[in-house]
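Letter by letter, the chains look like this.
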Amino acid sequence: MAGLANVFGYGAMTNSQNDIRNSRSIMIIGMNPAENHPISMQHILTAKEVNRAVVISVDPRFTKTSAFANKYVRLLSCTDVAFIYGLINIILANGWEDKQFINERTYDFEGFKNEIAKYNPDTVADITGVPVAELNWVAKTLADNRPGTVIWAMGGTQHNHGTALVRTYCHLQMVLGNMGKPGGGTDVFRGHDGIQGVTDIGGGPETLPGYYGIGETAWRHWAKVWDVPYEWLLSRFKSKAMMEKPGFTVARWYEGVLLDSKQLGQDVNLKAVFFMGHSTNAMQQMDRVKKALEKLELIVDFDPFVTNTAVLPDRKDGIYLLPTATNYESAGSATNTNRDLQWRQKVVDPVWESRTDLANMIDLAERLGFKKQFIHNYKGDWKGVPSTPMSEKDKYVKQLPEQTVEDVLREINMGALSIGYVGQTPERLKRQQQWAHVGCGGTNRMAAGPIVTTHTAGKMQNTSGKTIFTPVFAAASSARCRRLVRSVSECTRSDCATLVPNLSVCTSIATSDDRSSTPVRSARLWSASDRALPARSSR
């Protein structure tokens, strides 16, 4: 999501999934929706069959999605940046770019164009393994069939230079003028149900809720929402520098355990890890994950089932399994991949010893000594929460009443002003749920009933109204790409796309302040510190 935030201001897909039906061309890269997003795939197939959209599958493997596509393009793994920049250069060479959009809605296009000029078709063919004729066909097809959308998922984001890849996908759409219109946009499909909502409310390590970042102004904003002194929040950290320093990403957290603490830019290594609604199954470098899990002092796994996280390490103690309720056993709002929200009703009470996430977190806050602040905001305490100190009976509350869950959402409404979370109140979401039977799945419109705010197709969320051309520096050969998958201690010197200041860890373009996660108002596009890889090297 950081890549989208760097370019457009916020980290979310720009158009709704329903809007894919309006596309005339669809390039799918870094994902296999036919198998991994089968419901979303129906929108793609509808666009192909009804709107005659050309579907292009770009993947190192021939997948089930490739079988449905009009065109399959095989490229070498980890060469997406060169592939996309090759397409852009072909588009520019033929004058197929949207000059009006570029002039009116982007920054520093000339600097961007000069930087990527090295990716000529012959060079790109050598890097990616895609013949020049196929590169020309894809570029012309995208130019002739507008509006078009580019769709990706974790196959694009889960690289050690994933943010760089995402920025290139955005650049292609900006050059074609496919932004801010129905049928266009950059449509990233999230990997889990509800994960976009988690991102929106600060689940990432680099921002507070609403993408405010983690600088002092962000903390002071949320201190007002939570009705606690900023100084009290600061006292919870060892220092102000630590308070404003991005944490570890879920993809590379284990390096915080295994690397020397001096390489991490902190005093000590990670000693404990909590998993909530997530497991280690999909993580890369499983051998290093296993070593990290065995070295930790404490592992806490919140989940309805015993997961890989609990089974993988060879240890006999220090692992706590906390049975957690499923979505069928809890009520509340849910946000899908394109930020459509709905209210979920509880089907049954939590079974056996399972508890809802909220019940677990309130209990944990009680035992850590900040429950009073945790359940409070400037409008008062959440309703329905047991009093403090809780009795022994209350300490094992399995679930909170629905009014408590509603108050949590109202708190988000109070503070997440930056992304327009003001109107998604419990009352409106429940009203929409009551009228769901008159909704149209193809258009996101309601045929009857009260008017409810829905996603605006093609909205670009940067407050300046302009998008950002930021060249990225990619590996230039398959041999060099293979070097990218080495351990972090090797790749931080020259083989990663962007280095985190003061952190010898290979990640996306997170920065030491909150600039990467707030709306970009500066015309700064790139600097020498961003450069990590040369343009070419021999195979």
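About the thresholds
- Residues numbered from 1 in each chain as written.
- Predicted model: local features only at pLDDT ≥ 70, side-chain atom pairs only at ≥ 80, totals over all residues.
- Heavy atoms only, no water.
- Helix = DSSP H or I, 4+ residues; strand = E, 2+ residues; numbered from the N terminus.
- Buried < 20%, exposed > 50% of the residue type's maximum accessible area, 1.4 Å probe, protein only.
- Areas by Shrake-Rupley, 256 points an atom, 1.4 Å probe, with all protein chains shown as cover.
- Salt bridge = Lys/Arg side-chain N within 4 Å of Asp/Glu carboxyl O.
- Patch = residues over 30% accessible without salt bridge, like charges linked within 9 Å, V, L, I, M, F, W, Y side chains within 5 Å.
- Expected span 1.5 Å × (residues − 1).
- Contact = heavy atoms within 4.5 Å.
- Pairing = 2+ DSSP bridges.
- Right-handed = clockwise from strand over helix to strand, strands pointing away.
- Axes fitted to C-alpha atoms, helices over the stretch in contact; angles between N-to-C directions.

Looking only at helices and strands, one finds 25 helices and 16 strands in the protein chain. Relative to its full complement of 539 residues, the protein chain shows a buried share of 52%. In the structure as shown, the protein chain presents an accessible area of about 24000 Å², 53% of it carried by carbon and sulfur atoms.

Counting across every chain of the model gives 24 salt bridges. Between Arg288 and Glu255 there is a salt bridge, and its shortest N-O distance comes to 2.6 Å. Remark: Glu255 occurs in helix α16 (residues 255-258) and Arg288 occurs in helix α18 (residues 286-295); sequence separation between them is 33 residues. You can call Glu255 buried: its relative accessible area is 0%. Two residues, Asp407 and Lys383, come together in a salt bridge whose shortest N-O distance is 3.8 Å. Of this pair, Asp407 sits in helix α22 (residues 402-415) while Lys383 sits in the loop between β13 (380-381) and α22, and the two are 24 residues apart along the sequence. Assessed through its relative accessible area of 8%, Asp407 is described here as buried. Salt bridges here are not isolated pairs; linked through shared partners, they connect Lys383, Glu402, Glu406, Asp407, Arg410, Glu427 and Lys430.

On the surface, Tyr328, Val347, Val348, Val351 and Trp352 cluster together to form a nonpolar patch covering roughly 620 Å² of accessible area. Checked against the element boundaries, Trp352 lands in the loop between β11 (341-344) and α20 (357-368).

Before going further, it helps to examine helix α3 (residues 38-50). With 13 residues, α3 should cover 18 Å at 1.5 Å per step; its first-to-last C-alpha distance of 18 Å lies within 8% of that length. All of the buried residues along α3 are Ser40, Met41, His43, Ile44, Leu45 and Ala47. The elements touched by buried residues of α3 are β1 (25-29), α2 (33-36), β2 (54-58), α4 (64-68) and β5 (148-152). One or two positions beyond α3, positive phi appears at Arg52, with a value near 55°.

Moving on: the pairing of strand β8 (residues 298-303). Counting buried positions along β8 yields 5 of 6 residues, so the element is predominantly enclosed. Relative to β8, strand β7 (residues 272-276) is paired through 5 bridges, and the arrangement is parallel. Directly across from Met276, in β8, lies its bridge partner Phe302. Viewed along the sheet, the connection from β7 through α18 into β8 turns out right-handed. Alignment of β8 against strand β9 (residues 319-323), held across 5 bridges, turns out to be parallel. For Asp303, the partnering residue across the bridge sits in β9 and is Pro323.

This next bit is on the sheet that holds β7. What links the strands of a sheet is backbone hydrogen bonding, and the strands pair in either a parallel or an antiparallel sense. With parallel pairing, 3 strands are arranged side by side in an open sheet as β7-β8-β9. Each edge of the sheet is formed by a strand with only one pairing partner; in this case those strands are β7 and β9. In this sheet, adjacent strand axes meet at a mean angle of 10° when their direction is disregarded.

Ordered in space as β3-β2-β1-β5-β6, the 5 strands form an open sheet in which the pairing is parallel. The outermost strands of the open sheet, each flanked by one partner alone, are β3 (71-73) and β6 (186-188). Neighbour to neighbour, the strand axes of the sheet diverge by 20° on average, direction disregarded. When β1 meets β2, the two strands line up parallel, connected through 5 bridges.

Note: most peptide bonds trans; most residues except glycine with negative phi. Cis rather than trans, the peptide bond between Arg146 and Pro147 has omega equal to 5°. On the secondary structure map, Pro147 appears in the loop between α9 (132-144) and β5. The phi torsion at Cys78 lies on the positive side, around 75°, for a residue other than glycine. Tracing the chain through its elements places Cys78 in the loop between β3 and α5 (80-93). Here the phi dihedral of Asp227 falls at roughly 60°; this positive angle occurs in a residue that is not glycine. Here Asp227 lies in the loop between α13 (216-226) and α14 (230-235). Overall, Asp227 belongs to the partly exposed group, its relative accessible area being 42%.

Next up on the list: the pairing of β2. Most of β2 sits inside the fold, with 5 of its 5 residues counted as buried. Residues Val54, Ile56 and Val58 line one face of β2 and the alternating positions Val55 and Ser57 line the opposite face, and both faces are buried. Here β2 runs beside β3; their pairing, made up of 3 bridges, is parallel. Note that in β3 the partner of Ile56 across the bridge is Lys71.

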